[in-house]
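Read off the chains here:
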Amino acid sequence: MQAQVIDMILQKEQKVFLDLKFHDIPTPSPRQGRSETRHQVTMFNLHALGGFEMRKKTVEASKALAKEIGSTRPIILAVTILTSMDENN
């Protein structure tokens, strides 16, 4: 479903920012980064608390795929603090 929505937006020549805050061990997040690169999103974010290795591997995976398919790598943001971490916020 996500890919279909991205495709609909891109067909209208609009940019896509995925605010999904990937936050996982170093293996799934790079796969997700490759997927978003393949889908030509302009920008996505991940949660910095996933650790340095997760962030590094996600950026490397996205960069490698972009080069492989002759595309521009998405801008990747690291979110450090969420505004609503508990019920009091």
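Colleague: Help me understand helix α2 (residues 28-38), please; the structure alone is not making it clear to me.
Modeller: It helps to recall that an α-helix has 3.6 residues per turn; residues three or four apart then point in one direction. Residues of α2 that are buried include every one of S29, P30, G33, E36 and T37, and no others. For α2, the arc enclosing every buried residue in end-on projection is 120°, short of the 170-degree limit, so these residues lie on one face. Where the residues of α2 are buried, they touch α1 (2-11), β1 (17-22), β2 (43-47) and α3 (52-69). Where α2 terminates, the next one or two residues include Q40, which has phi positive at roughly 65°.

Colleague: I keep staring at the packing of α2 against α3 and nothing clicks. Help me out?
Modeller: Think of two packed helices as two axes; the pair is described by the angle between the axes and how far apart they sit. Running from N to C, α2 and α3 point in directions that differ by 30°, and their axes come no closer than 8 Å. Remark: the crossing between α2 and α3 carries right-handed chirality. Between α2 and α3, the contacting residues are S29, P30, G33, R34, T37 and R38 on the first element and M54, K57, T58, A61, S62, L65, A66, E68 and I69 on the second. Looking at the contact of α2 with α3, its residues break down into six nonpolar, five polar and four charged.

Colleague: What should I look at first to understand the environment of E53 in this one?
Modeller: Positionally, E53 belongs in helix α3. Overall, the relative accessible area of 39% leaves E53 in the partly exposed class. Sequence separation between E53 and T27 is 26 residues; the distance between their C-alpha atoms is 9.5 Å.

Colleague: Looking at this structure, I do not really get the environment of K56. What am I missing?
Modeller: Looking at the secondary structure, you find K56 in helix α3. When its relative accessible area of 37% is taken as the criterion, K56 is described as partly exposed. Taking the C-alpha atoms as reference, K56 lies 8.7 Å from P30; in sequence the two are 26 residues apart.

Colleague: Just to check I follow, could you spell out the confidence of the model for the protein for this structure?
Modeller: As a general rule, the predicted coordinates of low-pLDDT regions are not to be interpreted in detail. Residues of the protein with pLDDT of at least 70 account for 85%, and the chain-wide mean is 87. Averaged pLDDT values over the elements of the protein bottom out at 82 in β1 and peak at 94 in α3.

Colleague: When you look at the nonpolar core in this model, what are you seeing that I'm missing?
Modeller: Note that soluble globular proteins tend to have their nonpolar side chains buried in a common cluster. By size, the foremost hydrophobic cluster in this structure holds nine residues: I6, V16, L18, F22, V41, F44, L46, M54 and I76. Of all elements in the fold, only β1 and β2 reach the threshold of two or more residues within this core.

Colleague: Is there a simple way to explain the sheet that holds β1 in this structure?
Modeller: Backbone hydrogen bonds are what pair the strands of a sheet, in a parallel or an antiparallel way. The sheet built from three strands is open, its strands ordered β1-β2-β3 with parallel pairing. At either end of the open sheet lies a strand with only one pairing partner, and these are β1 and β3 (75-79). In this sheet, adjacent strand axes meet at a mean angle of 20° when their direction is disregarded. Lying on the sheet, α3 is in contact with β1, β2 and β3; it crosses β2 at an angle near 160°.

What counts as what
- Residues numbered from 1 in each chain as written.
- Predicted model: local features only at pLDDT ≥ 70, side-chain atom pairs only at ≥ 80, totals over all residues.
- Heavy atoms only, no water.
- Buried < 20%, exposed > 50% of the residue type's maximum accessible area, 1.4 Å probe, protein only.
- Helix = DSSP H or I, 4+ residues; strand = E, 2+ residues; numbered from the N terminus.
- Arc of directions from axis to C-beta.
- Contact = heavy atoms within 4.5 Å.
- Axes fitted to C-alpha atoms, helices over the stretch in contact; angles between N-to-C directions.
- Left-handed = near helix turned anticlockwise from the far one by under 90°.
- Nonpolar A, V, L, I, M, F, W, Y, C, P; charged D, E, K, R; others polar.
- pLDDT = per-residue confidence, 0-100.
- Core = buried A, V, L, I, M, F, W, Y, C linked by side-chain atoms within 4.5 Å.
- Pairing = 2+ DSSP bridges.

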